[in-house]
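Below, each chain spelled out in residue letters.
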Amino acid sequence: FQAVPAIGVLDSSLVGSEMCIRDSWGETPSLEPYALVEKLVFGGRGGYCFELNRLLALGLECLGYNVVPVMARVIWGRDEPGPLTHFLLRVSADGEDWLVDAGFGGPGPSGPIRLTQPLSIFLFDGVNYKIEVDANIGQVLQRFSNDSVWEPLYAFTDELVGDDEIGAGNRLAASGPGSIFRKSLMAARRKGNGRIVLSGSRFRCYEGTRLLDETEIADSTQKLECLESEFGINLDDLTKGALLRRL
């Protein structure tokens, strides 16, 4: 467990300063290292799971960790598991494997979760998380809700994935016909022991899984101001104009 705190620090720094925000016009983001650094680090822009976790993987590999890419099927908010459109990491540290995910927006864990047996419950930001094994869909990440039930977030397996599978998942998630990122402006950021979320015109503040406040932001210009002031996103005039035409 001695090596794991470094994973948590990198994870938290990325999620804290960036967030899951897509440009809402269905473009597929580049996963090339130079493009990720330019956008997320120097550009002050947000990213989603493929971008955030790809950049996190590069950082962890530079520190000497063994990092394995993993594709997952999102269950949260769905009636059944979706296609392979979520990207996360399996990281080896001190002889154990850990789930590391800096890109699941609001409901995901802010720290690493052990995948090696025996599986345990992990507490992050006042919310309990665990891994359950399902014979049909593999390992399932779950969180404990306010309704005292375990909610499944996504499912994944030990199947190895390469650049082709990751690229296909990135294209499908960003610009596929069922992509949620083409339908609405989305942003999420951790704040203290909770998170803030902008989804469409709804701005919500959470503590753990408890909703503290909800505000309607109908004006498009105010939405952009919210992205800049609340989420710390840098939006140049070109990006602002493109977003305003879509909102």
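Structure's up top.
Cut-off values and rules
Residues numbered from 1 in each chain as written. Predicted model: local features only at pLDDT ≥ 70, side-chain atom pairs only at ≥ 80, totals over all residues. Heavy atoms only, no water. Helix = DSSP H or I, 4+ residues; strand = E, 2+ residues; numbered from the N terminus. Buried < 20%, exposed > 50% of the residue type's maximum accessible area, 1.4 Å probe, protein only. Polar contact = N/O pair within 3.5 Å; in protein donor to acceptor, adjacent residues only side chain to side chain. Contact = heavy atoms within 4.5 Å. Axes fitted to C-alpha atoms, helices over the stretch in contact; angles between N-to-C directions. Parallel < 35°, antiparallel > 145°, perpendicular 65-115°, else oblique. Left-handed = near helix turned anticlockwise from the far one by under 90°. Nonpolar A, V, L, I, M, F, W, Y, C, P; charged D, E, K, R; others polar.

Quick word on unusual backbone geometry
Right, on to step 1. Residue Pro118 follows Gln117 across a cis peptide bond; omega there is -5°.
Right, on to step 2. Within the secondary structure, Pro118 sits in the loop between strand E4 (113-114) and strand E5 (122-124).
Right, on to step 3. Even without glycine at this site, Asp94 takes up a positive phi of about 55°.
Right, on to step 4. Along the chain, Asp94 falls in the loop between strand E2 (84-93) and strand E3 (96-100).
Right, on to step 5. When its relative accessible area of 47% is taken as the criterion, Asp94 is described as partly exposed.
Right, on to step 6. Residues other than glycine seldom take positive phi values, yet Asp125 does so here, at roughly 55°.
Right, on to step 7. Mapped onto the elements, Asp125 comes out in the loop between E5 and strand E6 (127-134).

Overview of the side chain of Gln139
Right, on to step 1. Relative to the assigned elements, Gln139 resides in strand E7 (residues 138-144).
Right, on to step 2. The buried category is assigned to Gln139, whose relative accessible area is 12%.
Right, on to step 3. Among the polar contacts listed, one links the side chain of Gln139 to the side chain of Asp158, at a separation of 3.3 Å.
Right, on to step 4. The contact partners of Gln139, leaving out residues within four places of it in the chain, are Arg90, Leu115, Ile131, Glu132, Val133, Tyr154, Ala155, Phe156 and Asp158.

Brief notes about the packing of helix H2 (residues 33-42) against helix H3 (residues 49-62)
Right, on to step 1. The geometry of H2 relative to H3 is characterised by a closest axis approach of 10 Å and an angle of 110° between their N-to-C directions. Classified by the interaxial angle, the pair formed by H2 and H3 is roughly perpendicular. Relative to H3, the crossing made by H2 is left-handed. From H2, Pro33, Leu36, Val37, Lys39, Leu40 and Val41 reach across to H3, where they touch Glu51, Leu52, Arg54, Leu55 and Leu58.
Right, on to step 2. Along the lines of polarity and charge, the residues of the contact of H2 with H3 split into 8 nonpolar, no polar and 3 charged.

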